[in-house]
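Structure assessment
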Amino acid sequence: MSKVIGNVGLLDLTQATEESVRSIDRIGNIGAVIYRAETAHLLTLLKNAGNIGKTLEIPKDHRYYSGMLYLNEEYFKLMEPDSVFVKGVVFIDQQVTLETFQQGKLQLAVYGEVYTPQHLAGAVTSSLLKAGAAHAEIVSYTSMPRFESGTFQLTNTFFASALEPVNLVVNGVLELDRNLDMERFAARTEYIRINGKAIIYEEQSSCFYENLKSINGMVEVIPAGFQHLTKPLRLNARTIRRFKNEKLYTHDPIMIEADVSREALSSAIAQIKSTSLIICSEDVEDLMWERCCDLNTEIVSYEQAYVFIAGEETWSKDQLLAMDHPVNFIVDGTLNLDDDVTEEVLKDSVHSIDLFGEIVVAEQRMKGVLYRYLRADTGVIRLKGMDEKMEGIGNIGMLTL
(Lines give C-alpha, C1' and ligand atoms only; values in the text may rest on other atoms or scores of the structure.)
Protein backbone atom coordinates (compact mmCIF):
# COMPACT_ATOMS: atom_id res chain seq x y z
CA MET A 1 0.00 0.00 0.00
CA SER A 2 1.33 3.42 -0.94
CA LYS A 3 1.81 5.96 1.82
CA VAL A 4 -0.18 9.09 1.10
CA ILE A 5 -0.49 11.81 3.74
CA GLY A 6 -2.68 14.90 3.79
CA ASN A 7 -1.57 18.34 4.91
CA VAL A 8 1.05 18.50 7.66
CA GLY A 9 1.41 21.39 10.10
CA LEU A 10 5.01 20.62 11.12
CA LEU A 11 7.35 18.11 9.46
CA ASP A 12 10.29 17.04 11.64
CA LEU A 13 13.31 15.88 9.63
CA THR A 14 15.82 16.11 12.49
CA GLN A 15 16.08 12.31 12.78
CA ALA A 16 15.02 11.43 9.23
CA THR A 17 16.89 9.21 6.78
CA GLU A 18 16.67 8.92 3.01
CA GLU A 19 14.76 5.67 3.48
CA SER A 20 12.12 7.22 5.78
CA VAL A 21 11.56 10.19 3.43
CA ARG A 22 11.36 8.03 0.30
CA SER A 23 8.76 5.80 2.01
CA ILE A 24 6.20 8.62 1.57
CA ASP A 25 4.70 8.59 -1.92
CA ARG A 26 2.82 11.84 -1.62
CA ILE A 27 2.30 14.52 0.99
CA GLY A 28 0.07 17.59 0.97
CA ASN A 29 0.97 21.16 1.92
CA ILE A 30 3.44 21.57 4.78
CA GLY A 31 3.26 24.48 7.23
CA ALA A 32 6.88 24.29 8.37
CA VAL A 33 9.83 21.90 8.12
CA ILE A 34 12.49 21.66 10.82
CA TYR A 35 15.83 20.02 10.12
CA ARG A 36 19.47 19.94 11.16
CA ALA A 37 22.45 20.71 8.97
CA GLU A 38 23.11 16.99 8.51
CA THR A 39 19.55 16.35 7.27
CA ALA A 40 19.22 19.46 5.09
CA HIS A 41 19.80 17.44 1.90
CA LEU A 42 16.58 15.51 2.57
CA LEU A 43 14.54 18.61 1.68
CA THR A 44 15.29 17.94 -1.97
CA LEU A 45 13.58 14.54 -1.69
CA LEU A 46 10.20 16.13 -0.90
CA LYS A 47 9.36 16.34 -4.60
CA ASN A 48 5.82 15.04 -4.21
CA ALA A 49 4.92 17.52 -1.48
CA GLY A 50 2.71 20.55 -1.92
CA ASN A 51 3.63 24.04 -0.81
CA ILE A 52 6.04 24.47 2.11
CA GLY A 53 5.43 27.51 4.32
CA LYS A 54 8.74 27.72 6.21
CA THR A 55 11.97 25.80 6.63
CA LEU A 56 13.71 26.07 10.00
CA GLU A 57 17.23 24.83 10.67
CA ILE A 58 17.96 23.95 14.29
CA PRO A 59 21.23 25.65 15.28
CA LYS A 60 24.23 23.44 15.85
CA ASP A 61 24.49 21.86 19.32
CA HIS A 62 20.90 22.87 20.21
CA ARG A 63 18.53 20.35 21.71
CA TYR A 64 15.03 20.26 20.21
CA TYR A 65 11.96 20.76 22.41
CA SER A 66 8.34 20.81 21.25
CA GLY A 67 5.49 22.11 23.40
CA MET A 68 5.56 24.43 26.42
CA LEU A 69 8.87 25.00 28.19
CA TYR A 70 8.56 26.49 31.68
CA LEU A 71 11.66 28.31 32.94
CA ASN A 72 11.94 29.31 36.60
CA GLU A 73 14.68 30.86 38.75
CA GLU A 74 16.36 27.52 39.41
CA TYR A 75 16.62 26.68 35.73
CA PHE A 76 18.70 29.78 35.01
CA LYS A 77 21.09 28.90 37.82
CA LEU A 78 22.25 25.75 36.04
CA MET A 79 26.01 25.34 36.23
CA GLU A 80 26.21 23.65 32.83
CA PRO A 81 25.49 25.64 29.64
CA ASP A 82 22.29 24.61 27.88
CA SER A 83 21.22 25.29 24.28
CA VAL A 84 17.61 24.62 23.29
CA PHE A 85 15.54 25.14 20.13
CA VAL A 86 11.87 25.36 21.10
CA LYS A 87 8.94 24.84 18.75
CA GLY A 88 5.97 26.06 20.76
CA VAL A 89 5.75 28.25 23.87
CA VAL A 90 8.43 29.39 26.34
CA PHE A 91 7.16 30.73 29.65
CA ILE A 92 9.56 32.58 31.96
CA ASP A 93 8.44 32.72 35.58
CA GLN A 94 7.66 36.07 37.18
CA GLN A 95 10.19 35.44 39.97
CA VAL A 96 13.19 35.30 37.62
CA THR A 97 15.34 38.37 38.27
CA LEU A 98 17.23 40.34 35.65
CA GLU A 99 20.53 39.40 37.28
CA THR A 100 19.72 35.69 37.26
CA PHE A 101 18.60 35.81 33.62
CA GLN A 102 21.73 37.66 32.46
CA GLN A 103 24.03 35.33 34.38
CA GLY A 104 22.26 32.23 33.12
CA LYS A 105 23.98 29.96 30.65
CA LEU A 106 20.92 29.23 28.55
CA GLN A 107 21.06 29.78 24.80
CA LEU A 108 17.50 29.83 23.53
CA ALA A 109 16.14 29.80 19.97
CA VAL A 110 12.36 29.83 19.58
CA TYR A 111 9.82 29.25 16.85
CA GLY A 112 6.61 30.29 18.52
CA GLU A 113 5.88 32.52 21.51
CA VAL A 114 7.89 33.66 24.52
CA TYR A 115 6.00 34.91 27.58
CA THR A 116 8.24 37.01 29.79
CA PRO A 117 7.62 39.17 32.86
CA GLN A 118 7.70 42.85 31.99
CA HIS A 119 10.98 43.53 33.82
CA LEU A 120 12.77 40.99 31.58
CA ALA A 121 11.23 41.97 28.23
CA GLY A 122 14.21 43.97 26.97
CA ALA A 123 16.82 41.42 28.03
CA VAL A 124 14.84 38.51 26.59
CA THR A 125 14.38 40.30 23.27
CA SER A 126 18.10 41.09 23.04
CA SER A 127 19.06 37.52 23.93
CA LEU A 128 16.76 35.96 21.34
CA LEU A 129 17.93 38.29 18.58
CA LYS A 130 21.55 37.31 19.28
CA ALA A 131 20.52 33.67 18.91
CA GLY A 132 18.94 34.42 15.54
CA ALA A 133 15.44 33.59 16.82
CA ALA A 134 13.57 35.93 14.47
CA HIS A 135 10.56 33.58 14.47
CA ALA A 136 9.71 34.24 18.12
CA GLU A 137 6.85 36.46 19.23
CA ILE A 138 7.66 38.06 22.58
CA VAL A 139 4.77 38.78 24.96
CA SER A 140 5.41 40.64 28.21
CA TYR A 141 3.02 40.25 31.14
CA THR A 142 2.40 41.91 34.50
CA SER A 143 0.22 39.16 36.00
CA MET A 144 0.58 35.43 35.42
CA PRO A 145 -1.06 34.22 32.17
CA ARG A 146 -3.44 31.29 32.32
CA PHE A 147 -2.94 28.68 29.59
CA GLU A 148 -5.83 26.53 28.40
CA SER A 149 -5.83 23.80 25.73
CA GLY A 150 -8.71 22.15 23.89
CA THR A 151 -12.14 23.73 24.34
CA PHE A 152 -12.48 26.33 27.11
CA GLN A 153 -15.67 28.20 28.02
CA LEU A 154 -15.66 31.61 29.68
CA THR A 155 -18.48 31.86 32.24
CA ASN A 156 -19.54 34.23 35.01
CA THR A 157 -18.33 31.64 37.53
CA PHE A 158 -14.83 31.78 36.06
CA PHE A 159 -14.58 35.56 36.53
CA ALA A 160 -16.14 35.41 39.99
CA SER A 161 -13.31 33.12 41.11
CA ALA A 162 -10.52 35.17 39.49
CA LEU A 163 -8.42 36.93 42.15
CA GLU A 164 -6.49 39.13 39.70
CA PRO A 165 -6.88 40.47 36.13
CA VAL A 166 -7.18 37.61 33.65
CA ASN A 167 -4.46 37.05 31.07
CA LEU A 168 -5.81 34.15 29.05
CA VAL A 169 -3.98 32.15 26.38
CA VAL A 170 -6.09 29.50 24.63
CA ASN A 171 -4.65 26.86 22.34
CA GLY A 172 -7.80 25.40 20.82
CA VAL A 173 -11.35 26.76 21.02
CA LEU A 174 -12.56 29.58 23.26
CA GLU A 175 -16.33 29.81 23.81
CA LEU A 176 -18.08 32.74 25.48
CA ASP A 177 -21.13 31.66 27.47
CA ARG A 178 -24.35 33.15 26.14
CA ASN A 179 -25.12 34.72 29.56
CA LEU A 180 -21.61 36.06 30.20
CA ASP A 181 -21.63 39.45 31.97
CA MET A 182 -19.67 41.52 29.44
CA GLU A 183 -19.13 44.42 31.85
CA ARG A 184 -17.38 42.07 34.27
CA PHE A 185 -15.56 40.51 31.31
CA ALA A 186 -14.17 43.92 30.29
CA ALA A 187 -13.26 44.90 33.84
CA ARG A 188 -11.50 41.63 34.74
CA THR A 189 -9.73 40.85 31.45
CA GLU A 190 -6.24 42.19 30.75
CA TYR A 191 -5.80 40.39 27.43
CA ILE A 192 -6.79 37.29 25.49
CA ARG A 193 -4.62 35.45 22.98
CA ILE A 194 -6.01 32.61 20.88
CA ASN A 195 -4.31 29.99 18.77
CA GLY A 196 -7.28 28.34 17.13
CA LYS A 197 -10.86 29.57 17.19
CA ALA A 198 -13.21 31.77 19.21
CA ILE A 199 -17.00 31.30 19.28
CA ILE A 200 -18.92 34.36 20.46
CA TYR A 201 -22.41 35.84 20.22
CA GLU A 202 -23.02 38.91 18.07
CA GLU A 203 -23.99 41.07 21.05
CA GLN A 204 -20.64 40.22 22.69
CA SER A 205 -18.47 41.06 19.68
CA SER A 206 -17.67 44.72 20.42
CA CYS A 207 -16.45 44.07 23.95
CA PHE A 208 -14.64 40.89 22.93
CA TYR A 209 -12.59 42.53 20.17
CA GLU A 210 -11.57 45.34 22.51
CA ASN A 211 -9.93 42.79 24.83
CA LEU A 212 -8.57 40.46 22.15
CA LYS A 213 -4.80 40.88 21.95
CA SER A 214 -4.25 38.50 19.04
CA ILE A 215 -5.76 35.49 17.32
CA ASN A 216 -4.04 32.95 15.13
CA GLY A 217 -7.18 31.46 13.64
CA MET A 218 -10.76 32.67 13.28
CA VAL A 219 -13.71 34.14 15.18
CA GLU A 220 -17.14 32.60 14.63
CA VAL A 221 -19.97 34.99 15.48
CA ILE A 222 -23.37 33.53 16.35
CA PRO A 223 -26.11 35.92 15.16
CA ALA A 224 -28.06 37.80 17.83
CA GLY A 225 -31.11 35.93 19.12
CA PHE A 226 -29.97 32.51 17.86
CA GLN A 227 -29.50 29.40 19.96
CA HIS A 228 -26.21 27.62 19.22
CA LEU A 229 -26.55 23.87 18.68
CA THR A 230 -23.33 21.91 19.18
CA LYS A 231 -24.51 18.44 18.14
CA PRO A 232 -27.01 16.83 15.73
CA LEU A 233 -30.66 17.46 16.62
CA ARG A 234 -33.46 14.94 16.09
CA LEU A 235 -36.99 16.25 16.62
CA ASN A 236 -40.20 14.25 16.92
CA ALA A 237 -43.73 15.17 17.99
CA ARG A 238 -42.72 15.02 21.65
CA THR A 239 -39.27 16.62 21.70
CA ILE A 240 -40.22 19.54 19.48
CA ARG A 241 -42.40 20.88 22.32
CA ARG A 242 -39.30 22.18 24.10
CA PHE A 243 -38.90 24.88 21.43
CA LYS A 244 -41.04 28.02 21.28
CA ASN A 245 -40.42 30.20 18.24
CA GLU A 246 -36.66 29.49 18.43
CA LYS A 247 -33.91 30.61 16.08
CA LEU A 248 -31.34 27.85 15.63
CA TYR A 249 -27.68 28.12 14.57
CA THR A 250 -25.77 24.92 13.78
CA HIS A 251 -23.10 23.14 11.77
CA ASP A 252 -24.65 19.73 12.45
CA PRO A 253 -27.62 17.90 10.89
CA ILE A 254 -31.19 18.56 12.03
CA MET A 255 -33.55 15.58 11.57
CA ILE A 256 -37.32 16.09 11.75
CA GLU A 257 -39.39 12.94 12.07
CA ALA A 258 -42.57 12.30 10.08
CA ASP A 259 -44.86 12.67 13.12
CA VAL A 260 -44.03 16.40 13.47
CA SER A 261 -47.05 18.33 12.25
CA ARG A 262 -47.00 21.59 10.32
CA GLU A 263 -48.59 23.40 13.26
CA ALA A 264 -46.00 22.11 15.75
CA LEU A 265 -43.10 23.03 13.45
CA SER A 266 -44.49 26.51 12.74
CA SER A 267 -44.78 27.36 16.44
CA ALA A 268 -41.46 25.77 17.47
CA ILE A 269 -38.93 27.11 14.94
CA ALA A 270 -38.79 30.65 13.57
CA GLN A 271 -35.49 30.53 11.67
CA ILE A 272 -32.49 28.28 11.04
CA LYS A 273 -28.94 29.15 10.04
CA SER A 274 -27.12 25.96 9.10
CA THR A 275 -24.17 24.84 7.01
CA SER A 276 -25.23 21.21 7.29
CA LEU A 277 -28.24 19.05 6.37
CA ILE A 278 -31.86 19.49 7.36
CA ILE A 279 -33.89 16.31 6.90
CA CYS A 280 -37.69 16.55 6.93
CA SER A 281 -40.80 14.96 5.44
CA GLU A 282 -42.25 16.28 2.19
CA ASP A 283 -45.28 17.54 4.17
CA VAL A 284 -43.22 20.26 5.90
CA GLU A 285 -40.50 20.87 3.32
CA ASP A 286 -41.95 24.23 2.26
CA LEU A 287 -41.94 25.43 5.88
CA MET A 288 -38.24 24.56 6.20
CA TRP A 289 -37.34 26.51 3.07
CA GLU A 290 -39.13 29.54 4.48
CA ARG A 291 -37.09 29.30 7.69
CA CYS A 292 -33.67 28.81 6.08
CA CYS A 293 -32.07 31.93 4.62
CA ASP A 294 -28.57 30.46 4.19
CA LEU A 295 -27.85 29.14 0.69
CA ASN A 296 -25.30 26.71 2.20
CA THR A 297 -28.11 24.82 3.93
CA GLU A 298 -29.07 21.56 2.24
CA ILE A 299 -32.72 20.58 2.81
CA VAL A 300 -33.46 16.93 2.06
CA SER A 301 -37.02 15.62 2.15
CA TYR A 302 -38.36 12.08 2.35
CA GLU A 303 -41.74 10.60 1.39
CA GLN A 304 -42.47 8.07 4.14
CA ALA A 305 -39.25 7.15 5.97
CA TYR A 306 -35.51 7.70 5.70
CA VAL A 307 -32.20 6.18 6.72
CA PHE A 308 -29.42 8.63 7.60
CA ILE A 309 -25.84 7.35 7.28
CA ALA A 310 -23.51 9.67 9.22
CA GLY A 311 -20.55 7.41 9.93
CA GLU A 312 -19.72 4.11 8.23
CA GLU A 313 -22.33 1.37 7.91
CA THR A 314 -22.63 -1.90 6.01
CA TRP A 315 -26.03 -2.98 4.71
CA SER A 316 -26.91 -6.47 3.49
CA LYS A 317 -29.75 -7.88 1.40
CA ASP A 318 -31.66 -9.02 4.51
CA GLN A 319 -31.44 -5.58 6.15
CA LEU A 320 -32.75 -3.83 3.06
CA LEU A 321 -35.61 -6.26 2.50
CA ALA A 322 -36.65 -5.92 6.14
CA MET A 323 -37.92 -2.40 5.35
CA ASP A 324 -41.73 -2.11 5.29
CA HIS A 325 -41.58 0.04 2.15
CA PRO A 326 -38.96 1.76 -0.01
CA VAL A 327 -37.10 4.44 1.97
CA ASN A 328 -34.94 7.47 1.22
CA PHE A 329 -31.26 6.87 1.94
CA ILE A 330 -29.32 9.99 2.95
CA VAL A 331 -25.60 9.21 2.92
CA ASP A 332 -23.33 11.73 4.59
CA GLY A 333 -20.72 9.15 5.63
CA THR A 334 -19.85 5.80 4.03
CA LEU A 335 -22.41 3.16 3.01
CA ASN A 336 -20.98 -0.28 2.18
CA LEU A 337 -23.36 -2.53 0.24
CA ASP A 338 -22.76 -6.26 0.73
CA ASP A 339 -22.11 -8.60 -2.20
CA ASP A 340 -25.65 -10.01 -1.95
CA VAL A 341 -27.30 -6.64 -2.66
CA THR A 342 -28.69 -6.88 -6.20
CA GLU A 343 -30.64 -4.62 -8.54
CA GLU A 344 -33.88 -6.35 -7.53
CA VAL A 345 -33.15 -5.78 -3.84
CA LEU A 346 -32.61 -2.07 -4.42
CA LYS A 347 -35.81 -1.82 -6.43
CA ASP A 348 -37.84 -3.25 -3.55
CA SER A 349 -36.21 -1.27 -0.73
CA VAL A 350 -34.82 2.08 -1.97
CA HIS A 351 -36.98 5.04 -2.98
CA SER A 352 -34.15 7.52 -3.59
CA ILE A 353 -30.56 8.32 -2.54
CA ASP A 354 -29.13 11.67 -1.51
CA LEU A 355 -25.38 11.17 -1.73
CA PHE A 356 -23.05 13.56 0.11
CA GLY A 357 -20.49 10.98 1.22
CA GLU A 358 -19.62 7.70 -0.51
CA ILE A 359 -21.18 4.36 -1.39
CA VAL A 360 -18.99 1.28 -1.84
CA VAL A 361 -20.33 -1.49 -4.10
CA ALA A 362 -19.13 -5.01 -4.87
CA GLU A 363 -19.34 -4.92 -8.66
CA GLN A 364 -18.95 -2.32 -11.41
CA ARG A 365 -22.48 -2.82 -12.73
CA MET A 366 -24.02 -1.71 -9.43
CA LYS A 367 -22.56 1.77 -9.88
CA GLY A 368 -24.79 2.26 -12.91
CA VAL A 369 -27.79 0.83 -11.10
CA LEU A 370 -27.38 3.23 -8.17
CA TYR A 371 -27.27 6.30 -10.42
CA ARG A 372 -30.97 5.77 -11.19
CA TYR A 373 -31.79 6.49 -7.54
CA LEU A 374 -29.57 9.54 -7.03
CA ARG A 375 -31.40 12.74 -6.22
CA ALA A 376 -28.52 14.75 -4.78
CA ASP A 377 -25.05 13.75 -5.92
CA THR A 378 -22.06 15.54 -4.43
CA GLY A 379 -20.40 12.35 -3.20
CA VAL A 380 -18.84 9.34 -4.89
CA ILE A 381 -19.69 5.73 -5.73
CA ARG A 382 -16.67 3.48 -5.85
CA LEU A 383 -15.91 -0.18 -6.39
CA LYS A 384 -14.81 -2.18 -3.37
CA GLY A 385 -11.02 -2.59 -3.40
CA MET A 386 -10.41 0.27 -5.83
CA ASP A 387 -8.33 3.21 -4.63
CA GLU A 388 -7.55 1.36 -1.39
CA LYS A 389 -3.96 0.88 -2.43
CA MET A 390 -3.55 4.66 -2.38
CA GLU A 391 -5.36 5.18 0.90
CA GLY A 392 -3.34 6.97 3.48
CA ILE A 393 -3.55 9.30 6.43
CA GLY A 394 -5.51 12.52 6.65
CA ASN A 395 -4.21 15.83 7.94
CA ILE A 396 -1.52 15.68 10.62
CA GLY A 397 -0.48 18.37 13.09
CA MET A 398 3.10 17.13 13.44
CA LEU A 399 4.89 14.37 11.50
CA THR A 400 8.30 12.96 12.43
CA LEU A 401 10.11 10.93 9.74
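For the structure, see preceding data.
This is a predicted model, so every value here is computed, not measured. (Residues numbered from 1 in each chain as written. Predicted model: local features only at pLDDT ≥ 70, side-chain atom pairs only at ≥ 80, totals over all residues. Heavy atoms only, no water.)

1. Looking at the pairing of strand β2 (residues 8–12)
Counting buried positions along β2 gives 4 out of 5 residues, so the element sits mostly inside the fold. The sheet contact formed by β2 and strand β4 (residues 30–35) spans 4 bridges and is parallel. Residue Leu11 lies in a different strand from β4, and its bridge partner there is Val33. (Buried < 20%, exposed > 50% of the residue type's maximum accessible area, 1.4 Å probe, protein only. Helix = DSSP H or I, 4+ residues; strand = E, 2+ residues; numbered from the N terminus. Pairing = 2+ DSSP bridges.)

2. As for the pattern of salt bridges
The final tally for this structure, using the stated rule, is 12 salt bridges. In this structure, Glu113 engages Arg193 in a salt bridge whose closest nitrogen and oxygen atoms are separated by 3.9 Å. Within this pair, whereas Glu113 is found in strand β8 (residues 106–117), its partner Arg193 is found in strand β12 (residues 189–201), the two being separated by 80 residues in sequence. With relative accessibility at 9%, the residue Glu113 sits in the buried group. A relative accessible area of 3% means that Arg193 is categorised as buried. Across the pair Arg365 and Glu343 runs a salt bridge, and its minimum N-O distance is 2.4 Å. Of the two residues, Arg365 sits in helix α12 (residues 364–371) while Glu343 sits in helix α11 (residues 343–349), which places them 22 residues apart along the sequence. Among the residues examined, Arg365 registers a relative accessible area of 48% and is labelled partly exposed. A network of salt bridges, in which partner residues are shared, links Glu113, Glu137 and Arg193. (Salt bridge = Lys/Arg side-chain N within 4 Å of Asp/Glu carboxyl O.)

3. Considerations on the sheet that holds strand β15 (residues 233–235)
If you walk across this open sheet you meet the 4 strands as β15-β17-β19-β20, and the pairing is parallel. Each edge of the sheet is formed by a strand with only one pairing partner; in this case those strands are β15 and β20 (298–302). The mean inter-strand angle of the sheet, taken between neighbouring strand axes irrespective of direction, is 15 degrees. Pairing between β15 and strand β17 (residues 254–256): 3 bridges, direction parallel. In the sheet register, Arg234 faces β17, and the bridge partner there is Met255. (Axes fitted to C-alpha atoms, helices over the stretch in contact; angles between N-to-C directions.)

4. Here's the deal with the packing of aromatic side chains
The tally for this structure, following the rule as stated, stands at 11 aromatic pairs. For the ring pair Phe158 and Phe159, a centre distance of 5.3 Å and an interplane angle of 85 degrees mean the geometry is edge-to-face. The pair Phe158 / Phe159 is uniform in exposure class, with both members buried. Relative to Tyr209, the ring of Phe208 has its centre 5.7 Å away and its plane inclined at 70 degrees; by these criteria the two rings are edge-to-face. The class for Phe208 is buried, based on a relative accessible area of 0%. Overall, Tyr209 belongs to the partly exposed group, its relative accessible area being 43%. Within the aromatic cluster, the residues linked to one another by ring pairs are Tyr70, Phe91, Tyr115, Tyr141 and Phe147. (Phe/Tyr/Trp six-rings, centres within 6.5 Å; stacked < 30°, edge-to-face > 60°.)

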